[in-house]
Amino acid sequence: MEKLKTVKKECKIEFEEKKSKFIGYIKPVFTKEEAEDYIRYIKSIHTDATHNCSAYKINNNGLEFFKVDDDGEPSGTAGKPMGDIVNYMNVTNLVVIATRYFGGIKLGAGGLVRNYAKTAKLAITGAEIIDFVDKIDLIFEILYERLGEVEKIIKRL
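Residues numbered from 1 in each chain as written. Predicted model: local features only at pLDDT ≥ 70, side-chain atom pairs only at ≥ 80, totals over all residues. Heavy atoms only, no water.

With an unreviewed UniProt entry as reference, the protein chain is termed Thymidylate synthase, source organism Fusobacterium animalis ATCC 51191. Its UniProt record gives the protein chain a comment under Sequence similarities (unreviewed entry), which states: "Belongs to the IMPACT family." (UniProt positions renumbered as here; feature names shortened; annotations may be inferred.)

Structure (structure tokens):
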């Protein structure tokens, strides 16, 4: 089985295309709720943006969640190209949002597809692709005098 890949960190990128400003946000996430919360957060700080398009892919205990959103752009010209890049770059457990401020010059369907894909690619590259390691946090409460025994067991395992 191929190793899962994800992104190391949250990241923001920006570029301009024919006076339209594209801002890409990416964040490692582990649940669809976390992804949806981050999308809402980005939308809340860019309420004046023309569009806040998104894509997320989550692999949680073998269950995969994948969702794309064009946020008012012509169907298939924003969220889908972003999702295609996520799949092409073979990364999971992330959410990517492309905020667009329209600059007055129409980009056409092909231009939209190219620029939303570019936003996702730059964000993923900027956030650094790493191997995904499934982790869980554990908290132990132990007596101080047993600490030595517990450390030995942990080192052995």
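Here we come to the pairing of strand 4 (residues 51–60). Most of strand 4 is tucked away, with nine of its ten residues classed as buried. Relative to strand 6 (residues 94–101), strand 4 runs antiparallel, the two sharing seven bridges. Directly across from H51, in strand 6, lies its bridge partner R100. Pairing geometry for strand 4 and strand 5 (residues 63–69), over seven bridges, is antiparallel. Bridged to Y56 within strand 5 is K67. Linking strand 4 back to strand 5 in an antiparallel pair, the connection comprises two residues, with N61 at a positive phi of about 50°. (Buried < 20%, exposed > 50% of the residue type's maximum accessible area, 1.4 Å probe, protein only. Helix = DSSP H or I, 4+ residues; strand = E, 2+ residues; numbered from the N terminus. Pairing = 2+ DSSP bridges.)

Attention now goes to the sheet that holds strand 3 (residues 20–28). Across the sheet, five strands lie side by side as 2-3-6-4-5; this open sheet has antiparallel pairing. This sheet does not close on itself; its edge strands, each paired only once, are strand 2 (11–17) and strand 5. Strand-to-strand twist of the sheet, defined as the mean angle between neighbouring strand axes without regard to direction, takes the value 10°. With eight bridges joining them, strand 3 and strand 6 adopt antiparallel strand pairing. Counted as the bridge partner of K27 is V95 from strand 6. Most of the contacts of helix 1 (residues 32–45) go to strand 4, to which it runs at about 165°, and overall it touches strand 3, strand 4, strand 5 and strand 6. The strands that helix 3 (residues 108–127) touches are strand 2, strand 3, strand 4 and strand 6; relative to strand 2, the one it contacts most, it runs at about 150°. (Axes fitted to C-alpha atoms, helices over the stretch in contact; angles between N-to-C directions. Contact = heavy atoms within 4.5 Å.)

Let's shift gears to the packing of aromatic side chains. Per the counting criterion, the structure on display carries three aromatic pairs. Each ring, one from F15 and one from F22, has its centre 5.2 Å from the other, and the planes form 10°; the classification is stacked. Judged by relative accessible area, F15 falls into the buried class, the value being 12%. With centroids separated by 6.2 Å and ring planes inclined at 35°, the aromatic side chains of Y38 and Y41 adopt a geometry described as tilted. In this pair, Y38 and Y41 both sit in helix 1, three residues apart, roughly one turn of the helix. The exposure class assigned to Y38 is buried, which follows from its relative accessible area of 5%. Taking the relative accessible area as the measure of exposure, Y41 reaches 45% and is therefore partly exposed. (Phe/Tyr/Trp six-rings, centres within 6.5 Å; stacked < 30°, edge-to-face > 60°.)

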